[in-house]
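# Fold and geometry: a report
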2 protein chains.
Amino acid sequence: MSKHLHLNAFLMSVGHHEAAWRLPESDPHAHTDINYYVRLAQTAERGKLDSIFFADSPVLMGDPGRRPSGKLEPTVILTAVAVQTSRIGLIATASTSYNDPYNLARRFASVDWASNGRAGWNIVTTAGADAARNFGLDDTPDHRLRYEKAAEFVDVATKLWDSWDDDAVLADKELGIHTDASKVRKILHHGEHFRVDGPLNLPRSPQGYPLLVQAGSSEDGKEFAARYAEAVFTAQQTLDDAKSFYTDLKARTVAVGRDPESIKILPGIVPIIGDTEEQARALDEELARLISPEYARKQLAERFKLPIDDLDLDSELPEDLPTEDDIEGAKSRFTLIVNLARRERLTVRELIARLGGGRGHRTFAGTAVQVADAIEDWFCQGAADGFNIMPAVLPSGLERFVDEVVPILQARGLFRTEYTETTLRGHYGLARPANQFDDADALVAAR
Amino acid sequence: MSKHLHLNAFLMSVGHHEAAWRLPESDPHAHTDINYYVRLAQTAERGKLDSIFFADSPVLMGDPGRRPSGKLEPTVILTAVAVQTSRIGLIATASTSYNDPYNLARRFASVDWASNGRAGWNIVTTAGADAARNFGLDDTPDHRLRYEKAAEFVDVATKLWDSWDDDAVLADKELGIHTDASKVRKILHHGEHFRVDGPLNLPRSPQGYPLLVQAGSSEDGKEFAARYAEAVFTAQQTLDDAKSFYTDLKARTVAVGRDPESIKILPGIVPIIGDTEEQARALDEELARLISPEYARKQLAERFKLPIDDLDLDSELPEDLPTEDDIEGAKSRFTLIVNLARRERLTVRELIARLGGGRGHRTFAGTAVQVADAIEDWFCQGAADGFNIMPAVLPSGLERFVDEVVPILQARGLFRTEYTETTLRGHYGLARPANQFDDADALVAAR
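Residues numbered from 1 in each chain as written. Chains lettered and ligands numbered in written order. Predicted model: local features only at pLDDT ≥ 70, side-chain atom pairs only at ≥ 80, totals over all residues. Heavy atoms only, no water.

As recorded in an unreviewed UniProt entry, chain A goes by FMN-dependent oxidoreductase (Nitrilotriacetate monooxygenase family) and comes from Nocardia fluminea. Looking at chain A in UniProt, the text filed under Sequence similarities (unreviewed entry) is "Belongs to the NtaA/SnaA/DszA monooxygenase family." (UniProt positions renumbered as here; feature names shortened; annotations may be inferred.)

See the structure below:
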């Protein structure tokens, strides 16, 4: 097998399962312990994974009673990891709706410098009135508008990252010229949403700029991904759905003139690994038992915009639900959850148990061999370039994946046995981006 | 001597002298090397210093030809240092004009968590049209308005930091309650410049919140410092000026109802240390020779709002200069430089040489004993609670200070021989701030 799959570890305090913190093994204070995250990253690096990833939103999500709430700012986590690892890629979410392009471009460029070329930015537009109300707004801007703004944000950011030529720093002590000022340029971006003169106050970073990642699977999200993303995280419950998504997104990428290999598609999987299938199922069931159904019912009612009393724990979802058009954020995730509940005729209680593990991502309980089989199957059938591994329980779920599943994938020739590259883009088999201002005409136009 | 002085190391790539990068010993690429900053911090920690500090501005300052330009974002530097040191305090500048309070409050709280209580925020309002033009504005807002906004920004930030009670996290696995939601509150700040609902998405950090630092010495700046600052960096050229500033700021602090001991005043000093006084002077002169006078003349002309031709290198400053009222940023620094030039009847060339070392801060060339004497003199005469040490050349200037000056100060009983505290506030002898919402009436009002 000549082509390797790619593996990202999506890390979330003590695990993706909302009840993971209640297990005896879990440290309920891990979410504010920087060294805990460093140890997780070192475990992922031991497994030769491509990257780790931290989601984020500038708002306190959900009920803090339910699970560890509040998170260290993820570029802070990435930096702490950067200086205590050497190869693993480092991806974090940041919002285009609630950041300034200048500050964010500089922060990710700084992480790229600090990690010697291992930074990645998961670009999100951030839904929800609660987040909007932390930034002077009454409500979240319209979905389409958020994506328009995101596109301009990325445009500004890449111009800033390209505002220094790679060879701008001369460091000529004899002549007393540190940097060739003619190779550092203003970008003079005066657009619909942003006005930024530049240049960035930082030389072009080792990767040129961070890997651009995207995770929204709505229509707007897929169009955005086709245009800008180099890696895509997605939630897919069935092989057929995953294949359709994969084929569709690669076609959209080709349609805008890009090489389909220049975008890597990674569906999420929540592996629950046991020595036997029975042991894995038992852990899954123990976690389900530890969910507080009242918290979960409330969260589900908010997602569906229903009064909480309309959701009966021991009945299926009501017939009359909103459509994706009525939903302002996580549109495709809404549809996926409704389809999952209808397809498998789940009661609300059963649906809550299924979502507890992955909030819509595919949960898979089994032995290490079965997990490896599941990964190989989707990869070989053209449903994925790799996977977004979302351990239900941390650190144990990541340790088991690294120690038990990765060696099987390596033995099958599906996954690297050593890092061959030093940068995040290198791990994903992607080229370092050229500087858009290398073209002299573009340069003149930008001045 | 019962009272110790405090020492902060103000770190700037290869040193504060603008020509430091041209010395044979200097690494002209140090400004983008995270490990370089970590080593500097470890040196400062070896010297038991209270803290290190990184200045910042969200703009490319000055001519990049002149000296290393562009800097890693300072909270990124602080985080890398945090996880590779254990005691040294970590202070960085961030602008209240060009950040959102929610994002900035969270980032500094994250650094406080990552460092186990060692974060400090130097609050600046950021002058200059070039910075404004990176954030959608045509020009810098008026000085007074910037300070009004800064005051509201700090008010919002402290409310966010206090939005979680210290004992909010219960981590009760048995009952399945992670956090007591009644101890996490919205702040519902709807002010003149900011509307932020909160709560912060992070539990209250080890110090409660970062040490609040301030460095502007204008009238607005001093009023702001008296009200909010716990440590103050200031540029003072003479003992008399330093004593006046010290007395004035302590009095202003008392006038707003604060304990004068709750604010620590640290004038800057640029020590140039030699084995003999002659050797120190020789290094100072070598550095002055390496300044490119044309770059420096241009920068000086910009500061004085004069055509460059009005500054003759071999004449004194022109009679007709603007007044502090005409200057939008670094107002008190402007006055200090004019007074220095007039008092010592310096030619423009001589003034440039004097500014090359400290940009207005006091430069002192001498032996380690002479530097220690200078520090002791100002400290004992009531001009300072400590000093902001600004090595002209790094890392050598910091190493010499730590290895040669610190032991003298320790032997004289003026400086700690071991850390006795673990937090930045602890080092400065300051108390951990109470939560403003501990008062039940305030709590109800805020809800």
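In this section: the overall build of chain A. Helices and strands together make up the secondary structure of chain A, namely 15 helices and 13 strands. Here the C-alpha atoms of chain A give a radius of gyration of 22 Å, agreeing with the 22 Å that 2.2 N^0.38 yields for 447 residues. By principal-axis analysis of the C-alpha atoms, chain A measures approximately 75 × 50 × 45 Å. Looking at the 447 residues of chain A, the share that counts as buried comes to 61%. (Helix = DSSP H or I, 4+ residues; strand = E, 2+ residues; numbered from the N terminus. Rg over C-alpha atoms; globule rule 2.2 N^0.38 Å. Buried < 20%, exposed > 50% of the residue type's maximum accessible area, 1.4 Å probe, protein only.)

Residues and elements named next belong to chain A. Here the UniProt feature "binding site: FMN" (unreviewed entry) sits at Asp56, Thr93, His143, Tyr147, Ser217 and Ser218. With respect to the helices and strands, the residue His143 is situated in helix α5 (residues 143-161). If we skip the residues at most four places from it in the chain, His143 touches Ser218, Asp220, Glu328 and Lys331. Take Tyr147: it is sitting in helix α5. Looking at Tyr147, the relative accessible area reads 12%, which means it is buried. Here Tyr147 is in contact with Thr125, Gln214, Gly216, Ser218, Asp220, Gly221 and Phe224, once residues within four sequence places are set aside. (Contact = heavy atoms within 4.5 Å.)

Inspection of every chain in the model, using the stated rule, returns 30 aromatic pairs over all chains. Here the aromatic rings of Trp378(A) and Phe387(A) are separated by 6.4 Å at their centres, their planes lie at 50 degrees, and the arrangement is tilted. Residue class for Trp378(A) comes out buried when judged on its relative accessible area of 3%. Look at Tyr98(B) and Phe135(B): their rings are 4.7 Å apart centre to centre, the planes differ by 15 degrees, and that puts the pair in the stacked class. A residue pair is termed long-range when its members are at least 10 positions apart, and Tyr98(B) in the loop between β3 (89-95) and α3 (101-114) and Phe135(B) in the loop between α4 (129-132) and α5 (143-161) qualify at 37 residues. Each member of the pair, Tyr98(B) as well as Phe135(B), is classed as buried. Taken together, the ring pairs in this structure connect Phe108(A), Trp121(A), Phe153(A), Trp161(A), Phe194(A) and Tyr209(A) into an aromatic cluster. (Phe/Tyr/Trp six-rings, centres within 6.5 Å; stacked < 30°, edge-to-face > 60°.)

On any regular strand, side chains alternate: one points to one face of the sheet, the next to the other face. In the sheet, strand β1 (residues 6-10) of chain A pairs with strand β13 (residues 386-389) of chain A via 4 bridges, with the strands oriented parallel. Each bridged residue has a counterpart across the sheet, and for Leu7(A) the counterpart in β13(A) is Phe387(A). (Pairing = 2+ DSSP bridges.)

A separate point is unusual backbone geometry. Cis geometry marks the peptide bond from Leu394(A) to Pro395(A), where omega comes out at 5 degrees. Inspection of the secondary structure assignment puts Pro395(A) in the loop between β13 and α13 (396-411). Note the cis peptide between Gly198(B) and Pro199(B), where omega equals -5 degrees. Mapped onto the elements, Pro199(B) comes out in the loop between β8 (195-196) and β9 (211-214). Positive phi is not limited to glycine here, since Lys305(A) has a value of about 55 degrees. Mapped onto the fold, Lys305(A) is located in the loop between α9 (293-303) and α10 (331-343). The class of Lys305(A) is exposed, set by a relative accessible area of 55%.

Residues and elements named next belong to chain B. With 14 residues, α3 should cover 20 Å at 1.5 Å per step; its first-to-last C-alpha distance of 20 Å lies within 8% of that length. In terms of burial, α3 is a largely internal element, 13 of the 14 residues being buried. Directly beyond the C-terminal end of α3, a positive phi value near 60 degrees is found at Asn116. (Expected span 1.5 Å × (residues − 1).)

Moving on to the interface of chain A and chain B. Listed per partner, the contact involves 73 residues of chain A and 73 residues of chain B. Both faces considered, chain A and chain B share a buried interface measuring about 5800 Å² in area, 57% of it formed by carbon and sulfur atoms. Counting the surface chain A buries against chain B, the share from its top three residues, Lys173(A), His178(A) and Arg195(A), is 12%. Note that Arg195(A) and Asp138(B) form a salt bridge whose closest N and O atoms lie 2.6 Å from each other. The tally of links between chain A and chain B comes to 40 residue pairs in polar contact (both at pLDDT 80 or more). (Buried area = accessible area lost by both parts, 1.4 Å probe. Salt bridge = Lys/Arg side-chain N within 4 Å of Asp/Glu carboxyl O. Polar contact = N/O pair within 3.5 Å; in protein donor to acceptor, adjacent residues only side chain to side chain.)

Another aspect to go through is the relation of the copies chain A and chain B. Between chain A and chain B, the superposition needs a rotation of 180 degrees and an axial shift of 0.0 Å, giving an RMSD of 0.0 Å. Those values place the two copies in the arrangement expected of a two-fold rotation axis. Of every C-alpha in chain A, the one belonging to Ala80(A) sits nearest the axis of rotation, 2.7 Å from it. Here 100% of the contact residues of chain A are again contact residues in chain B; the copies associate through an equivalent surface. (Least-squares fit on C-alpha atoms with pLDDT ≥ 70 in both.)

Here, the residues flagged by UniProt with the feature "domain: Luciferase-like" (unreviewed entry) are residues 26-328 of chain A. When the span residues 26-328 of chain A is considered, its composition is 37% helix and 15% strand, and the gap between its end C-alpha atoms is 34 Å.

Residues and elements named next belong to chain A. It is at 9 Å that the axes of helix α1 (residues 34-46) and helix α2 (residues 74-82) come closest, and there the two elements cross at 60 degrees. Here α2 runs oblique to α1, going by the angle between their axes. For the crossing formed where α1 meets α2, the hand is right-handed. Along the contact surface, α1 presents Ile34, Tyr37, Val38 and Ala41, while α2 presents Val76, Ile77, Ala80 and Val81. A breakdown of the residues in the contact of α1 with α2 according to their chemical character gives 8 nonpolar, no polar and no charged. (Axes fitted to C-alpha atoms, helices over the stretch in contact; angles between N-to-C directions. Parallel < 35°, antiparallel > 145°, perpendicular 65-115°, else oblique. Left-handed = near helix turned anticlockwise from the far one by under 90°. Nonpolar A, V, L, I, M, F, W, Y, C, P; charged D, E, K, R; others polar.)

For the rest of this paragraph, the subject is the pattern of salt bridges. The final tally for this structure, using the stated rule, is 68 salt bridges over all chains. Between Asp56(B) and Arg106(A) there is a salt bridge whose closest N-O contact spans 2.7 Å. Remark: Arg106(A) occurs in helix α3 (residues 101-114) and Asp56(B) occurs in the loop between β2 (51-54) and α2 (74-82); the pair is interchain, linking two chains. Linking Asp248(A) and Arg252(A) is a salt bridge whose minimum nitrogen-to-oxygen distance equals 3.1 Å. Residue Asp248(A) and its partner Arg252(A) are both found in helix α7 (residues 239-255); the two are separated by 4 residues, about one turn of the helix. The exposure class of Asp248(A) is partly exposed, given its relative accessible area of 25%. One network of salt bridges, with partners in common, ties together Glu219(A), Lys222(A), Glu223(A), Asp248(A) and Arg252(A).

Further remarks concern the side chain of Lys159(A). Tracing the backbone shows Lys159(A) in helix α5. Residues within four places of Lys159(A) in sequence aside, it is in contact with Ile187(A), His189(A), Gln436(A) and Phe437(A).

A few words on the packing of helix α10 (residues 331-343) of chain B against helix α11 (residues 348-358) of chain B. All names here are of chain B. Packing of α10 against α11 brings their axes to within 11 Å, and their N-to-C directions diverge by 130 degrees. The angle between α10 and α11 places the two elements in the oblique class. The handedness of the crossing between α10 and α11 comes out as right-handed. The residues of α11 that touch α10, namely those facing Ile337, Leu340 and Ala341, are Leu351, Arg354 and Leu355. Partitioning the contact of α10 with α11 into residue classes produces 5 nonpolar, no polar and 1 charged.

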